[in-house]
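# Close look at the chain arrangement
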Amino acid sequence: MNERSISVRNGRFEVDVLEGGSGDPLLFLHGVFGLEWTPLLERLSLGHTVVAPRTPGFGESTGTENLDDIHDLVFFYLDLLDELDLSHLPLVGHSLGGMFAAELAATQPERFSHVALASPFGLWDNADPVTDLFTISLPDLAKAMYANEKSEAAVAVATAPQARMTEVDPETDEGQATINYLVERAKSMSTAAKYLWPIPNRGLVKRLHRVRQPGLVIWGESDGIVPPVYAERFAAQMPNAVVHIVPDAAHMVVDEQPDHVAGLIEDLLAR
Amino acid sequence: MKIEMFHLCPYRDLPEDFREKYRSVWVDVPRHLFDGEIAARTYNQTLDELKYAAEMGYDGICVNEHHQNAYGLMPSPNIMAAIMSRETEDVAIIVMGNSIALYDPPIRVAEEFAMLDCISGGRLVAGFPVGSAMDTAFGYGANPATLREKYAEAEELILRAWEEDEVFSFDGKYTQLRYVNLWPRPLQKPRPPIWVPGAGSIETWNNCIEKGHLYAYLSYSGFKRGKQVMDGFWKVARAAGVDNPYHAGFLQLVCVADNEQELHDKYAAHTEYFFNKMLHIYPGFADPPGYRTIDTIKAGLMAQTTSFGRAGEGESTFDELREAGNVVAGTPQQVANQLEQVIKDLRIGHLMILNQFGSIPHELAKENIRRTAQEVVPQLRHLWPEYEDHWWPQNAIVRDSVEATAD
């Protein structure tokens, strides 16, 4: 895997892009909890060049101050794809990145050959409210994200430091690490708030019918953030999409069941 | 030195087991706990207490804005201020204030404050809070990440609407108005003084210094933590060449009695009600992403001074709260001595006193107001005689020293 920085709009954005593998490119858009080179990406990179940009406001990717809303975000990503000279490629998006993927595919359907959405945000029904990601306690968040709340990843979420509760000594390495963690979390979550606050609905339902490529809607069976009932609601608007509910997985389905999800994506690309 | 009485208009009748049974006094406080008869009584008693404070000799009376909560029942403090403009003769009417980023278009605030200034005969202080996270991000659904930018734009629009002599166009990111032409305009020229209540964020200090607004540190952490915050403010202020104590204000809970026994009997339970119930805020509502800037988070992590209220903290007793400086309680002389020390330590020219807080009932509130105003306040007015107060309404009464020689 390589990591490089791509300049967009004459440096108004400096975007981290993770790339790995060989073959035709595949675009992956990460979720609300950030981007890492995960087993899923490793597995997908066996047959594709996986291109995974980090959204401005997350990590070292800059320029979030130039983005006010989902409209700005979509045009930023189109500019980034122009910069990378990418078109006619499959698009996979998870969580917040699933919402972005749906918006992008609706805006330029001809640019993307296949669209896979895993636990995407973007639709809202009062009967099944999406969990309030911004107020949930960390132990509850861990349970909403992971089917196995005893897993290492779930425990890490449940026991992470919180800005209001934590007293740190900035003179120590541990204190600096905590500050860095909390600053990154504040930065990335306030970026996410641009697209999700106070209700994760920016009108995607009016555009989703344009996502007419061969499509796949993946949901973790016990997703406690975006309830799995939304899988059918997405598919109902997408004329060529099929739904797969993945057992033993929640919102982090792409990390929890990477082989299963990779298999589903490979099946999609064969369509 | 000027001393004003601040009233929160709290809901005084939450059940005994509120803290155990419910997670928050704000945002999702159960609506079945609201009783219209109690609220009707509370509003009218609050208005009577504000008027009484003016009659007893306070320099000004303060009201503020909160939403979806039992802590303070004034979503529109302007309504209270309008009544007080008619019910009082000479005190400053201090609206602390209107959360200007929440009004669309914010010109509404410019209009209502102008009305209040005209009705009161030029006695208005216009408060421009950013607003608590609970009020703004949750009560009014404002995106916390853009709140400060929206605030800055609203501030610019309101100031221009008050001060400019010609009709103008305003092409903002959040507000576009082809014609801005305020009728009415404020009576005070060019405009009422602006006070900015804050809870310790660096950006608010900088804005106050840059624009010349009064900075009022409103928190219940008490004067001990208050000193950390005000030291931070004065460091920024002095770097900009500002050191007039009237540039800053501070809020303090005060209760007065003749001896320890009487203090405990009269005020212990009500003080505990305030700190343990009125500030019982679900932590998830207190700090949404983007509400505090990165710089403030970094500073706050080191000092632990930027939280409003006491989200996530345990219960406290009256004695612990006195010890920590959350409440100043004692005989009039003890209270005057302690407040004089607070005023000097924090270097503030405006002290806002809460005499009714928590569940203090009407008659006891009046007693506390009368004794504080008559036996404590006169002992403090002599402070800072060498400074001029540039943050006082042009037509409000002036009782402190006027032999100012310094700016």
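Let me begin by describing the structure that accompanies this report.

The rules behind the values
- Residues numbered from 1 in each chain as written.
- Chains lettered and ligands numbered in written order.
- Predicted model: local features only at pLDDT ≥ 70, side-chain atom pairs only at ≥ 80, totals over all residues.
- Heavy atoms only, no water.
- Buried < 20%, exposed > 50% of the residue type's maximum accessible area, 1.4 Å probe, protein only.
- Helix = DSSP H or I, 4+ residues; strand = E, 2+ residues; numbered from the N terminus.
- Right-handed = clockwise from strand over helix to strand, strands pointing away.
- Salt bridge = Lys/Arg side-chain N within 4 Å of Asp/Glu carboxyl O.
- Pairing = 2+ DSSP bridges.
- Axes fitted to C-alpha atoms, helices over the stretch in contact; angles between N-to-C directions.
- Polar contact = N/O pair within 3.5 Å; in protein donor to acceptor, adjacent residues only side chain to side chain.
- Contact = heavy atoms within 4.5 Å.
- Phe/Tyr/Trp six-rings, centres within 6.5 Å; stacked < 30°, edge-to-face > 60°.
- Lys NZ or Arg CZ within 6 Å of the ring centre and 35° of its normal.
- Expected span 1.5 Å × (residues − 1).

### Description of the pairing of strand β4 (residues 49-53) of chain A
- Within β4(A), four of the five residues are buried, which leaves the element mostly enclosed by the surrounding structure.
- In the classification by handedness, the crossover that spans strand β3 (residues 25-29) of chain A, the intervening helix α1 (residues 39-44) of chain A and the parallel β4(A) is right-handed.

### Details of the pattern of salt bridges
- Overall, the coordinates contain 38 salt bridges over all chains when judged by the stated rule.
- Measuring nitrogen to oxygen at the nearest pair gives 3.0 Å for the salt bridge that ties Asp231(B) to Lys227(B). Note that Asp231(B) and Lys227(B) are positioned in helix α8 (residues 222-239) at a spacing of four residues, about one turn of the helix.
- The salt bridge involving Asp243(B) is made with Arg347(B); its shortest N-O contact spans 3.3 Å. A residue pair is termed long-range when its members are at least 10 positions apart, and Asp243(B) in the loop between α8 and β9 (248-256) and Arg347(B) in the loop between α13 (332-346) and β11 (350-354) qualify at 104 residues.
- Since its relative accessible area comes to 14%, Arg347(B) is described here as buried.
- One salt-bridge network, in which partners are shared between bridges, spans Glu3(A), Asp16(A) and Arg54(A).

### Thoughts on the sheet that holds strand β1 (residues 2-8) of chain A
Residues and elements named next belong to chain A.
- With mixed pairing, the eight strands of this open sheet are ordered in space as β1-β2-β4-β3-β5-β6-β7-β8. Unpaired on one side and paired on the other, β1 and β8 (241-246) mark the two borders of the sheet. Strand-to-strand twist in this sheet, taken as the mean axis angle between neighbours without regard to direction, amounts to 20 degrees.
- Pairing of strand β6 (residues 112-118) with strand β7 (residues 215-220), which is carried by four bridges, proceeds in the parallel orientation.

### Some details on the side chain of Asn355(B)
Residues and elements named next belong to chain B.
- Mapped onto the fold, Asn355 is located in the loop between β11 and α14 (362-376).
- Within the structure, the side chain of Asn355 is placed 3.1 Å from the side chain of Thr372, a separation counted as a polar contact.
- Those residues in contact with Asn355, other than ones at most four positions away along the chain, are Met5, Phe6, Tyr58, Val254, Ile360, Asn368, Ile369 and Thr372.

### Details of the packing of aromatic side chains
- Per the stated rule, a full pass over the model turns up 24 aromatic pairs over all chains.
- Centre to centre, the rings of Tyr77(A) and Phe100(A) are 6.3 Å apart; their planes meet at 45 degrees, and the pair counts as tilted. With a gap of 23 residues between them, Tyr77(A) in helix α2 (residues 70-84) and Phe100(A) in helix α3 (residues 96-107) connect regions that are remote in the sequence.
- Look at Phe100(A) and you get buried, because its relative accessible area is 1%.
- Members of the aromatic cluster, joined through ring pairs, are Trp26(B), Tyr71(B), Tyr220(B), Phe274(B), Phe275(B) and Phe357(B).
- Positioned above the aromatic ring of Tyr230(A) is the side chain of Arg233(A), whose terminal nitrogen or guanidinium carbon lies 5.1 Å from the ring centre.

### Overview of α2(A)
Residue and element names in this part refer to chain A.
- Taking 1.5 Å as the rise per residue, α2 with 15 residues should run 21 Å; its terminal C-alpha atoms sit 21 Å apart, in good agreement.
- Where α2 is concerned, the buried positions are Ile70, Leu73, Val74, Phe76, Tyr77, Leu78, Leu80, Leu81 and Leu84.
- Positive backbone phi, at 55 degrees, marks Asp85, one or two positions downstream of α2.

### As for unusual backbone geometry
Residues and elements named next belong to chain B.
- In the segment running from Asp104 into Pro105, the intervening peptide bond is cis, with an omega of 0 degrees.
- With respect to the secondary-structure elements, Pro105 resides in the loop between β3 (92-95) and α4 (107-119).
- In the segment running from Lys189 into Pro190, the intervening peptide bond is cis, with an omega of 0 degrees.
- Its location among the elements puts Pro190 in the loop between β6 (176-180) and β7 (194-198).
- With phi around 55 degrees, Cys9 is a residue other than glycine that occupies positive phi space.
- We note that Val27 has phi near 70 degrees; this positive angle belongs to a residue other than glycine.
- Along the chain, Val27 turns up in the loop between α1 (18-21) and α2 (36-56).

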